[in-house]
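Each chain, letter by letter, is given below.
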Amino acid sequence: MRAKHQRLVLGLLALAAIAGAALLALSALKDEAAFFYAPGDVAANPPPLDRGVRLGGMVETGSLKRRADGVSVAFVVTDGKARVPVAFRGVTPDLFREGSGVVAEGRFNRDGSFTADNLLAKHDERYMPPQIAGKMHKSDSIEQ
Amino acid sequence: MIAELGLAALWLAAAFAVVQLLLAWGGARASGIEGEHREAAEAEMMRALRRVALVQGLLALLSFMLLIALFVRSDMSVLLVAENSHSLKPLMYKVAGAWGNHEGSMLLWVTVLAVAGAGVAMFERRLAAGTLAATLGAQAAIGLGFYAFLGFASNPFVRLNPAAADGQGLNPLLQDPGLAFHPPTLYLGYVGLSVAFSFAVGALVMRDVGPAFARAMRPWVLGAWIFLTIGITAGSYWAYYELGWGGWWFWDPVENASLMPWLAATALLHSVTVLATRDGLRAWTLMLAVVAFSMSMIGTFLVRSGILVSVHAFAVDPTRGTFILALLGLYIGGALALFGARVGTVTQGSTFQLVSREGALVLNNLLLSVILGVVFIGTLYPLVAQAAGVQLSIGAPFFNKAIAPVALALVAATAIGPLLRWRRDNLNALLGKLLWPVAAAGVAFAFAFVLTGASHLLSVLGIAFAAGLAVASVLPLARRSLRRTPLHIWGMVVAHLGIAVSLGGMVADSAFTLERLAAVQVGDNVRVGPFQVALAEVRPTIGPNWSAVEARLTVRRGEGKPFDLFPQQRFFNTPPTNTSEAAIETMLDGQLYTVLGQGDDQGRWQLRLWWKPFVTLIWLGGGLIALGGLLALVGRVRRERRQADAEIYL
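No experiment lies behind these values; they were computed from the predicted model shown. (Residues numbered from 1 in each chain as written. Chains lettered and ligands numbered in written order. Predicted model: local features only at pLDDT ≥ 70, side-chain atom pairs only at ≥ 80, totals over all residues. Heavy atoms only, no water.)

What follows covers the overall build of chain B. Across its full length, chain B holds 20 helices and 11 strands. Its C-alpha atoms give chain B a radius of gyration of 27 Å, near enough to 26 Å, the size a compact globule of 650 residues would have. Taking the principal axes of its C-alpha atoms as reference, chain B extends roughly 90 × 80 × 55 Å. Counting the 650 residues in chain B, one finds 56% classified as buried. Here the analysis covers contacts within chain B between residues at least 6 apart in sequence; of these, 73% occur between residues at least 24 apart. In the form shown here, chain B has an accessible surface area of approximately 26700 Å², with 66% of it arising from carbon and sulfur atoms. For chain B, the separation between the mean place of its 45 positive charges and that of its 35 negative charges on side chains is 10 Å. (Helix = DSSP H or I, 4+ residues; strand = E, 2+ residues; numbered from the N terminus. Rg over C-alpha atoms; globule rule 2.2 N^0.38 Å. Buried < 20%, exposed > 50% of the residue type's maximum accessible area, 1.4 Å probe, protein only. Contact = heavy atoms within 4.5 Å. Areas by Shrake-Rupley, 256 points an atom, 1.4 Å probe, with all protein chains shown as cover. Lys, Arg positive; Asp, Glu negative; His and termini not counted. Charge placed at Lys NZ, Arg CZ, Asp CG, Glu CD.)

Take a look at the structure:
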């Protein structure tokens, strides 16, 4: 009886651990999952102002401006449907340039502009597992 | 000719895997035969099985060696070489190029698997013949899936006609000694777990779960865990110095892919010890072996299928994606079905009290499982959401929030566990032993609180827990003769101390890092923490297959002697890529990390500077953890060999 008992208790503990992990993950997900927006989505589906999101699109040609302090940039992200002005302070990724894809991590401001804490350029090593970056390179060049 | 030989060796190895599976079937059945012929039949079968496993391992190894030869000779008539190598590359990266791509890494996987299977066949003497046969059969079945994958969906030996004039080169980010040897290290870990899985399948098939089985499995789990620890630590340091973003863990799906098997292996390592020493946690240990291998398969396939990066990569090669999913379902589903069908017949092992070493190890296992569950959900949820049409990403804030409290509880369990006796202990004795660790944690808490203020409460708690664990982890050595303490106890002490050291580094990095971002002209000065950094010059420079812009930074710490750092922006031609090479100065109390950014039309250069106090402890701790594993492995193997000798003399 005791042996059987102990086995039951261990089994229940294991179930409790799995349930605990799921609860913990779901509660954190509710607060911390960063949703992905394209500029065209913003009008239809207003983004929350108080949490981190990702904004993805192309850097509009001719929109990239470097600020006088030498470490801030302003540019416009577009998806052909809408445009969002983005401000970023920091070293831009190696592959970040006008006319190229970008994912900006940060927050929307009240006026509809976006302040980025982090930029991920297309093919950026931080964004992409290095092992398959080479592969992606090829499949992308086939698509383009 | 070499490519065709390589492919032939690969198919032959696959054929031997089929034979191995059939012989194992026969071997496992033979052990059930009663009567006078049984022993002779069994011995005959086992001899054949051992030889077949050995030949399979040698053939797979030959095939992989031939692939390396193709890369070393820069044979551009082979598609894989043309796509991933270049004739002007340094020799080391030509060799590493053989596994720095999808097909080659899959061939490496199956090679390590087959060689490990041959190792089990040749050297495993503790298991009953039937169980060993079933284990080798499971090993062959896993290998067959990979052979089929290589043969039908990603053949590494495909010819390119007409041959390319020269190769496209290896991704420059991979041209780094740290990363060249990173995948093999991780794969050794993954494959070690596959052997542990095969042992579990063998034990389930033959209903032979007990201390002998646990002792046979333990070295494989320990070995796998050591390699995973080294791989994760090295990968983290590589990302830190090579990517130039100053972080050491990004909670990137690819990183999580290696963390999940490590978490499962850590839990398995502790539960297999309970099974080997106290004959408890039988079913739980089997389950963990299945989970650990599932995690290493999921990890490999998440990274290798391209499914994580975008849905497009999945669609580019639907055969490969489908094949991968089918294999995953077959192995994990099959193992879970076997577990479900047989677990009822695994008899109950020894029981124990809640306050005991076993109790603490159960707690350790539960907390590790919770962390594993959270990482698993966080890594896969974006994929599920994407299938439902919602694009979202899950990053550091999610993981930090969900995992930090559980991780602190786990640190406490790590401190308490080794201070408890097996079977039963009493609470008062435990509280007495905890006096010193708790005092150390209290002092550290007060000290850190005064230093940083209330704003970093989690960091202050982290420092307190690290100090408490550091003291608790060396307590098992107290009142022992250090010379006569068994090596595996030393291993446990060193590994647990490593966790404290690593935790200290992580907390120091998150609480005390100072950052400075500035655009400066040559001759200007920037301050960060105790350092004065001057941009002395910016000049072009050239390497074997890249050119670069290099800055010379003259750094002075207080009144100390100035020294130079040389961060670079590199340009590679094949394939055309830029990388930033950070320049890092390591000191006793931390690292100064410098990155050169873009220049602008006014002659200014962006400089990004970090002063990271005690950040090196993170990887030093990782090294200690791996060293602890190694000591335990050597200690256990030596001890068992001695016991085997003693049995001969009895």
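Next, the rest of the story.
Let us now look at the overall build of chain A. Helix and strand content of chain A: 3 helices and 7 strands. Counted from the first residue to the last, chain A has its helices and strands arranged as α-β-α-β-β-β-β-β-β-α. For chain A, the proportion of contacts with a sequence separation of at least 24, taken over those separated by at least 6, is 46%. As presented, chain A carries roughly 7500 Å² of accessible surface, and 60% of it is formed by carbon and sulfur atoms.

Moving on, we come to the nonpolar core. In terms of nonpolar packing, the biggest core is built from 155 residues, with B:Trp109, B:Phe146, B:Tyr147, B:Met217, B:Leu286 and B:Val375 touching the most fellow members. Those residues in contact with B:Leu286 that sit more than four places away from it in its chain are B:Ala200, B:Ala203, B:Leu204, B:Val209, B:Phe213, B:Phe339 and B:Val346. Ranked by size, the runner-up nonpolar core spans 20 residues in total, among them A:Tyr37, A:Val59, A:Phe75 and A:Ala121. (Core = buried A, V, L, I, M, F, W, Y, C linked by side-chain atoms within 4.5 Å.)

The next subject is helix α9 (residues 211-242) of chain B. Since there are 3.6 residues in each turn of an α-helix, residues three or four apart along the chain are aligned in direction. All names here are of chain B. Helix length check: α9, at 32 residues, gives a terminal C-alpha distance of 45 Å against a target of 46 Å (1.5 Å per residue), a fit within 8%. Within α9, the axis deviates most sharply at methionine 217, by approximately 30°, and proline proline 219 lies no more than four positions further along. Following α9 by one or two positions, glycine 244 has its phi on the positive side, about 70°. (Expected span 1.5 Å × (residues − 1). Bend = angle between axes of the 7 residues up to and from the residue.)

A word on the packing of aromatic side chains. Residue and element names in this part refer to chain B. Across all of its chains, the model carries 25 aromatic pairs over all chains by this definition. For the ring pair tryptophan 225 and tryptophan 262, a centre distance of 6.2 Å and an interplane angle of 20° mean the geometry is stacked. With tryptophan 225 in helix α9 and tryptophan 262 in helix α10 (residues 253-278), this pair connects stretches of sequence that are 37 residues apart. Ring centres 4.9 Å apart and planes at 85° place the aromatic pair phenylalanine 398 and phenylalanine 399 in the edge-to-face group. For phenylalanine 398, a relative accessible area of 0% puts it in the buried group. Residue classification places phenylalanine 399 among the buried positions, given a relative accessible area of 0%. In this structure, arginine 357 is placed above the aromatic ring of tryptophan 422, and the distance from its NZ or CZ to the ring centre is 5.1 Å. Between the NZ or CZ atom of arginine 570 and the centre of the ring of tryptophan 546, over which it lies, the distance is 3.7 Å. (Phe/Tyr/Trp six-rings, centres within 6.5 Å; stacked < 30°, edge-to-face > 60°. Lys NZ or Arg CZ within 6 Å of the ring centre and 35° of its normal.)

All names here are of chain B. Burial within strand β11 (residues 605-613) is extensive, with 8 of its 9 residues counted as buried. Direction of pairing for strand β2 (residues 514-520) relative to β11: antiparallel, over a ladder of 7 bridges. By the bridge assignment, alanine 519 is partnered in β11 with glutamine 606. When strand β10 (residues 590-599) meets β11, the two strands line up antiparallel, connected through 8 bridges. Following the sheet pairing, leucine 592 is matched in β11 by tryptophan 611. Connecting the antiparallel pair β10 and β11 is a turn made up of 5 residues, with glycine 603 showing a positive phi of about 80°. (Pairing = 2+ DSSP bridges.)

With that settled, consider unusual backbone geometry. Residue and element names in this part refer to chain B. Here asparagine 161 and proline 162 are connected by a cis peptide whose omega angle stands at 0°. Checked against the element boundaries, proline 162 lands in the loop between α6 (129-152) and α7 (177-180). Positive phi is not limited to glycine here, since leucine 281 has a value of about 55°. As for its placement among the helices and strands, leucine 281 is situated in the loop between α10 and α11 (282-305).

This brings us to the confidence of the model for chain B. Residue and element names in this part refer to chain B. The share of residues in chain B with pLDDT of 70 or more is 95%, and the mean pLDDT across the chain is 88. Of all secondary-structure elements in chain B, the lowest mean pLDDT belongs to helix α12 (residues 311-316), at 37, while strand β6 (residues 563-565) reaches the highest, 96. Segment residues 310-316: pLDDT under 50, and 9 contacts once partners within four positions in sequence are set aside and those in other chains are kept. Here the complex is predicted with pTM 0.91, and the ipTM for its interfaces comes to 0.79. (pLDDT = per-residue confidence, 0-100.)

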